[in-house]
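Inside the fold
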Amino acid sequence: MLKDIFNKKKKYATVPSEKIKQDVPEGIMTKCPGCKSIIYSKELEKSNKVCVKCGYHHQMNAFERIKNTLDEGSFEEFNAGMISENPLSFPDYVERLEKDRKKSSLNEAVVTGEGTINSQRTAIAVMDARFRMGSMGSVVGEKITRTIEHADKEKIPFIIFTASGGARMQEGVLSLMQMAKSSVALKRFSDNGGLFISVMTHPTTGGVSASFASVGDYNFAEPKAMIGFAGRRIIEQTIREDLPEDFQTAEFLLNHGQLDSVIHRADMKKTLSTVLMIHSKGGDR
Amino acid sequence: MANRLDFERPVQELEDKIEELKSFMDEKNIDLSDEISRLQKRLAYMEEEVYGNMTAWNRVQLARHPERPTTLDYIDRIFDDFIELHGDRAFGDDEAIVGGIATFEDKPVTVVGHQRGKDTKENLRRNFGMPHPEGYRKALRLMKQAEKFNRPVVFLLDTKGAFPGKAAEERGQSEAIARNLIEMAGLTVPIVCIVIGEGASGGALAIGVGNHVHMLENSWYSVISPEGAAALLWKDSSLAQQAADTMKITAPDLKELDVIDEIVPEAKGGAHRNVEEQAASIQKVLKKSLEELSKLSKTELVEQRYEKYRNIGQYTFVTDTIGLK
Ligand SMILES: [Zn+2]
């Protein structure tokens, strides 16, 4: 029966979801949260993980993002081996980190380095929500700060793709202070004329939204990405009223003047490249 | 003495007993001074026992004490010539943050702090000390004004967090906080921050990036409230007492973690027990900070702040990297 569906000459395929659970090994098919269609995962990858049917931007991991953004083979990773300690001796923290390390093949929730976009050099940091929900503890703060400092030293732009639930609880106040740490570096970079582009992807909330993510020279976001300071549920409990359906989406932020533009994933590399190109044509760097 | 907390009850019982004996002695004209002096010794021992072994949760309780002095209580006592300044010049005036100009030791300063209410009515007006974006933007306006006129900024931190609301999100709560972090990083005048009560999350840090950061002995400062941590981590907000301990949120904890500079001592039983004395202790530490920082040039001030925050965090390296090939 599945064979029949796949034989149809379509870019995507849909089958009833209950059927999938029975017949298809996990990973081969993906259910689209946007239109509830079941999509052949390989087809989804071909379209930059954007649903061809409804345009839903499925989450990308850091390596997929880098592949999608930088020139092939241009990425050089920095500090890949930096890992968290357990400064508060928080119960289960080490075990949880280990589990996510295995699950994601990452040492931490951000991948940082340098590469080129249409032959233009840039420093880059890409957060990955698979690792501790992309939360920011000491390592995430330190890697991002080092990348900003690298961009400052090399006089190249800094681009970040954010995806984060906010500050990491298990490192307590040290996580909070990473917001200040990345900010002092960003301020120096900015005062030296550095170009900083923030691209917010789903989800960007809490301490990450309330620090570097929101203060790019250009603030971009992917369609429908959830972006905000406080969680929707907490807000509903606090103000006891229903929130609009599009509350805290990229489009909501755009309407409220918080974003420069919402950019479809297929246009992301081109847009970033154009911004870099315009900046290369004049000014201080 | 009204409003003692549960953990203080043994102290209160002894104090009551002593008072009772004293009035009995006066009334009946009999000498009970031996008994009273015995009880007073016991009281001193009991106070040591109770206030010398406070749990993190006890400190949280004191930080939230309804009689705990607020930003305006301290401004009254520590600064002279205070003139309150209102509004962010864009949207409105958020009374959850107060600020203005004043003199301190005869020198000009700008002072800004979170402001809780003293009663329900005032709390509604001040939104329980939980700011909206316009509050943070008022703070930003005042710190930039201080920079223009080359006077130090003193921030008093006391908030349960930035307000989680619809309007706050619409007006860019995230950006307001983030912008302040960036601007405080680069401010060319001395910044001294003192946590006087509760210091919750980005809502506190948004006026908390300083050259010196101090905490009152029974204040707390963390990435989230104990209740929030318990709810998020263990899906049970009733575990807040445990979270207060695990999250390492007290002044001694933050000193240990190298996040703050000094712990400002409090009277036994908390700041509200002796507001004048508390204000004097804050004045002392503030004077020391401002004297020290006044010796630094504009560049050195920004540099000192950079180094201070640059070095916060703990990490290590593994050699078997599993990153992108
Ligand atoms: Zn879809």
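Procedures and definitions
- Residues numbered from 1 in each chain as written.
- Chains lettered and ligands numbered in written order.
- Predicted model: local features only at pLDDT ≥ 70, side-chain atom pairs only at ≥ 80, totals over all residues.
- Heavy atoms only, no water.
- Helix = DSSP H or I, 4+ residues; strand = E, 2+ residues; numbered from the N terminus.
- Rg over C-alpha atoms; globule rule 2.2 N^0.38 Å.
- Buried < 20%, exposed > 50% of the residue type's maximum accessible area, 1.4 Å probe, protein only.
- Contact = heavy atoms within 4.5 Å.
- Core = buried A, V, L, I, M, F, W, Y, C linked by side-chain atoms within 4.5 Å.
- Donors = N, O, S within 2.8 Å, 3.2 Å for Na, K, Ca; no water.
- Tetrahedral: all angles 85-135°; square planar, octahedral: opposite > 155°, others 65-115°.
- Pairing = 2+ DSSP bridges.
- Buried area = accessible area lost by both parts, 1.4 Å probe.
- Salt bridge = Lys/Arg side-chain N within 4 Å of Asp/Glu carboxyl O.
- Polar contact = N/O pair within 3.5 Å; in protein donor to acceptor, adjacent residues only side chain to side chain.
- pLDDT = per-residue confidence, 0-100.
- Patch = residues over 30% accessible without salt bridge, like charges linked within 9 Å, V, L, I, M, F, W, Y side chains within 5 Å.
- Areas by Shrake-Rupley, 256 points an atom, 1.4 Å probe, with all protein chains shown as cover.
- Lys, Arg positive; Asp, Glu negative; His and termini not counted.
- Charge placed at Lys NZ, Arg CZ, Asp CG, Glu CD.
- Phe/Tyr/Trp six-rings, centres within 6.5 Å; stacked < 30°, edge-to-face > 60°.
- Lys NZ or Arg CZ within 6 Å of the ring centre and 35° of its normal.

1. Here we look at the overall build of chain B
A count of helical and extended segments in chain B gives 14 helices and 9 strands. For a compact globule of 325 residues, the expected C-alpha radius of gyration is about 20 Å, and chain B comes in at 22 Å, within 12% of that figure. Projected onto its principal axes, the C-alpha coordinates of chain B cover approximately 80 × 55 × 40 Å. Per-residue burial for chain B yields a buried fraction of 55% across its 325 residues.

2. Overview of the overall build of chain A
Scanning chain A from terminus to terminus reveals 11 helices and 11 strands. Burial status across chain A gives 58% buried among its 285 residues. Restricting to contacts in chain A with at least 6 residues of sequence separation, those with at least 24 account for 66%.

3. Observations regarding the nonpolar core
By size, the foremost hydrophobic cluster in this structure holds 127 residues, and its most contacted members are Phe158(A), Phe155(B) and Tyr221(B). Top element by residues in this core is helix H7 (residues 172-191) of chain A. It accounts for 10 residues. Grouped together as the second largest cluster of nonpolar side chains are 24 residues, Phe104(B), Val154(B), Leu216(B) and Leu286(B) included.

4. Quick word on the coordination of the zinc ion
Residues and elements named next belong to chain A. The zinc ion binds to the protein through Cys32 (SG), Cys35 (SG), Cys51 (SG) and Cys54 (SG), with metal-donor distances spanning 2.3 to 2.4 Å. Viewed at the metal, the 4 donor atoms of the zinc ion are separated by angles of 107 to 114 degrees, and the geometry they form is tetrahedral. Linear spacing of the donor residues for the zinc ion on their chain is C-x2-C-x15-C-x2-C. For Cys51, a relative accessible area of 4% puts it in the buried group. Classification of Cys54 as partly exposed rests on a relative accessible area of 37%.

5. Section: the pairing of strand E5 (residues 110-117) of chain A
Residue and element names in this part refer to chain A. Burial within E5 is extensive, with 8 of its 8 residues counted as buried. A two-sided burial pattern is seen for E5, the buried positions comprising Val110, Thr112, Glu114 and Thr116 on one face and Val111, Gly113, Gly115 and Ile117 on the other. As defined by bridge partners, strand E3 (residues 76-78) adjoins E5 across 3 bridges and the pair is classed as antiparallel. The residue bridging Glu77 from the neighbouring strand is Gly113, located in E5.

6. So, the environment of Glu134(B)
Topologically, Glu134(B) is positioned in helix H6 (residues 133-148). When near neighbours in sequence (up to four residues on either side) are disregarded, Glu134(B) contacts Asp88(B), Phe91(B), Gly92(B), Asp94(B) and Arg171(B).

7. As for the pairing of strand E5 (residues 191-200) of chain B
All names here are of chain B. Across the 10 residues that make up E5, a large majority, 10, are buried. Judged from the 6 bridges that link them, strand E4 (residues 153-159) and E5 form a sheet pairing that is parallel. For Thr159, the partnering residue across the bridge sits in E5 and is Gly199. For E5 and strand E6 (residues 212-216), the ladder comprises 4 bridges, and the chain directions are parallel. Directly across from Val192, in E6, lies its bridge partner His212.

8. Structural notes on the interface of chain A and chain B
Each side of the interface is counted separately: chain A has 63 residues, and chain B has 53 residues. The junction of chain A with chain B conceals about 5,200 Å² of combined surface from both sides, 71% of it contributed by carbon and sulfur atoms. Here chain A is connected to chain B by 4 salt bridges. Close ionic contact of Arg188(A) with Glu303(B) constitutes a salt bridge, the shortest N to O distance being 3.1 Å. Our enumeration of links across chain A and chain B arrives at 19 residue pairs in polar contact (both at pLDDT 80 or more).

9. What to know about the environment of Lys148(B)
Mapped onto the secondary structure, Lys148(B) falls in helix H6. Each C-alpha atom, one on Lys148(B) and one on Thr188(B), is 9.1 Å from the other, the two residues being 40 residues apart in sequence.

10. Let's talk about the confidence of the model for chain B
When pLDDT is averaged along chain B, the result is 95; 98% of the residues meet or exceed 70. As scored by the predictor, the complex reaches a pTM of 0.93 and an ipTM of 0.95.

11. Points about a negative patch on the surface
Residues and elements named next belong to chain B. Residues Glu13, Asp16, Glu19 and Glu20 make up a contiguous surface patch of negative charge. Here Glu20 lies in helix H1 (residues 9-28). A residue is classified by how much of its surface remains accessible, and Glu20, at 52% relative accessible area, is exposed.

12. A closer look at the side chain of Asp94(B)
Residues and elements named next belong to chain B. Summarising the element assignment, Asp94 is placed in the loop between strand E1 (80-84) and strand E2 (97-104). No salt bridge is formed by the buried Asp94, whose closest oppositely charged neighbour, Lys138, lies at an N-O distance of 6.4 Å. In terms of polar contacts, Asp94 uses its side chain to reach the backbone amide nitrogen of His132, at 2.6 Å. Sequence-distant contacts of Asp94, defined by excluding residues within four places in its chain, comprise Pro131, His132, Glu134, Gly135 and Lys138.

13. Digging into the pattern of salt bridges
Per the counting criterion, the structure on display carries 46 salt bridges over all chains. With its nearest N and O atoms 2.7 Å apart, the salt bridge here joins Arg310(B) to Glu149(A). Residue Arg310(B) is located in helix H14 (residues 298-310), and its partner Glu149(A) is located in helix H6 (residues 138-154); the two belong to separate chains. Arg310(B) sits in the buried class, given a relative accessible area of 11%. Residue classification places Glu149(A) among the partly exposed residues on the basis of a relative accessible area of 25%. Taken together, the shared-partner salt bridges connect Glu142(A), Arg146(A), Glu149(A), Lys181(A) and Arg310(B) into one network.

14. Overview of the packing of aromatic side chains
Tallying each qualifying case throughout the model produces 7 aromatic pairs over all chains. Plain terms: the ring middles of Phe7(B) and Tyr51(B) are 6.5 Å apart, the flat faces sit at 80 degrees to each other, and that makes the pair edge-to-face. Within this pair, whereas Phe7(B) is found in the segment before H1, its partner Tyr51(B) is found in helix H2 (residues 33-51), the two being separated by 44 residues in sequence. An identical accessibility class is assigned to Phe7(B) and Tyr51(B); each is buried. With 6.3 Å between their ring centres and 90 degrees between their planes, Tyr315(B) and Phe317(B) make a pair best called edge-to-face. Judged by its relative accessible area of 26%, Tyr315(B) is partly exposed. Residue class for Phe317(B) comes out partly exposed when judged on its relative accessible area of 42%. Over the aromatic face of Tyr306(B) sits the side chain of Arg188(A), whose NZ or CZ is 3.5 Å from the ring centroid. Taking NZ or CZ as reference, Arg171(B) lies 3.7 Å from the ring centre of Phe91(B), over its face.

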